[in-house]
Amino acid sequence: TTPEGGGGISSVVLMNQGETYRPPHLWKEFEFFMGWMQSYVDTVWSAWDYTDAVKKAVSESWINAHPKGGWTNPHTHHNVHLAMVAYLHVPENSGNLMVKNPMSMYHHGLPLANPNNAWKTINIETDDVVILPAWLEHMTQINHSEENRYIMSLNVKGFL
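A quick note: this is a predicted structure, and the numbers were derived from the prediction, not measured. (Residues numbered from 1 in each chain as written. Predicted model: local features only at pLDDT ≥ 70, side-chain atom pairs only at ≥ 80, totals over all residues. Heavy atoms only, no water.)

A. Inspection of the pairing of strand β8 (residues 129–133) at higher detail. The element β8 is extensively covered by neighbouring structure, given that four of its five residues are classed as buried. Bridging between strand β5 (residues 82–89) and β8 involves five bridges; their strand directions are antiparallel. Its bridge partner being in β8, L82 is matched across the sheet by P133. (Buried < 20%, exposed > 50% of the residue type's maximum accessible area, 1.4 Å probe, protein only. Helix = DSSP H or I, 4+ residues; strand = E, 2+ residues; numbered from the N terminus. Pairing = 2+ DSSP bridges.)

B. Here's a closer look at the nonpolar core. Counting residues in each nonpolar core, the largest one holds 17 residues, and the members touching the most others are F33, M37, V41, L82, M84, M152 and L154. Those elements that provide at least two residues to this core are α1 (31–47), β3 (55–66), β5 and β10 (149–159). Counting residues per element, this core draws most heavily on α1, at six residues. Every residue in contact with L154, bar those within four places of it in the chain, is listed here: H25, F33, M34, V58, E60, S61, L82, A83 and M84. (Core = buried A, V, L, I, M, F, W, Y, C linked by side-chain atoms within 4.5 Å. Contact = heavy atoms within 4.5 Å.)

C. Quick peek at the pattern of salt bridges. The tally for this structure, following the rule as stated, stands at three salt bridges. Taking the shortest distance from any N to any O, the salt bridge between D42 and K56 comes out at 3.3 Å. Of the two residues, D42 sits in helix α1 while K56 sits in strand β3, which places them 14 residues apart along the sequence. Owing to a relative accessible area of 33%, D42 belongs among the partly exposed residues under this scheme. Here K100 ties to E137 by a salt bridge, and the two come within 3.9 Å at their closest N and O atoms. Linking K100 in strand β6 (residues 97–100) with E137 in the loop between β8 and β9 (138–140), this pair joins segments that are 37 residues apart in sequence. Judged by its relative accessible area of 27%, K100 falls in the partly exposed class. (Salt bridge = Lys/Arg side-chain N within 4 Å of Asp/Glu carboxyl O.)

D. Quick look at the sheet that holds β3. Read from one edge of the open sheet, five strands run β2-β3-β10-β5-β8, paired in antiparallel fashion. Edge positions in the open sheet fall to β2 (9–10) and β8, since each of these has one partner strand only. Summarising the sheet, β3 and β10 pair through eleven bridges and their orientation is antiparallel. Note that in β10 the partner of S61 across the bridge is L154.

E. Region of the structure containing the sheet that holds β9. Reading across the sheet, the three strands line up as β7-β6-β9 and stay open at both edges, with antiparallel pairing between neighbours. Whereas interior strands pair on both sides, the edge strands pair on one side only; in this sheet they are β7 (119–122) and β9. Looking at each pair of strands side by side, their axes are set apart by 30° on average, direction ignored. (Axes fitted to C-alpha atoms, helices over the stretch in contact; angles between N-to-C directions.)

F. Broad picture of the environment of E4. Note that E4 resides in strand β1 (residues 4–5). By relative accessible area, E4 is classed as buried at 12%. Once the C-alpha coordinates of E4 and A65 are considered, the two residues, 61 residues apart in sequence, prove to be 9.0 Å apart. Those residues in contact with E4 that sit more than four places away from it in its chain are I9, S10, N64, H66, W71, T72 and N73.

G. Quick peek at a nonpolar patch on the surface. A surface patch of nonpolar side chains, amounting to about 380 Å² of accessible area, comprises F32, W36 and Y40. In this structure, Y40 sits in helix α1. Residue classification places Y40 among the partly exposed positions, given a relative accessible area of 43%. (Patch = residues over 30% accessible without salt bridge, like charges linked within 9 Å, V, L, I, M, F, W, Y side chains within 5 Å. Areas by Shrake-Rupley, 256 points an atom, 1.4 Å probe, with all protein chains shown as cover.)

Now the structure itself:
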């Protein structure tokens, strides 16, 4: 199962197909991107004070497609350190990324006008790349465009 809803599909279900599955981060088409993103991963890794004694590598990647009415439900990425989302095609009105404030569980005693204030919108466009801590709950808004929204997700894991 995947967190995709409303007709959204994901190649993440193919990851357990053994040698027949070649993840997108290994495709020749993404070779330049993979080189480009490495310095950004290094910068974030350092800024977040992750240990310098650990090697890091993309552990898996996949592509999601969201047709009109499609979205990704709230989720986190387990057993990895960074989650990265590359926005390959984001038509106008196809929805944005949303992240949940990890401190929202402590807001029960606050006089909030809207309990949904726990979720914040990150406006995204084609070619944007977002790096998140893997533990941060995130989701997408519904795609209201007639065109599909395409993203590539990558997990970065530290190794000893």
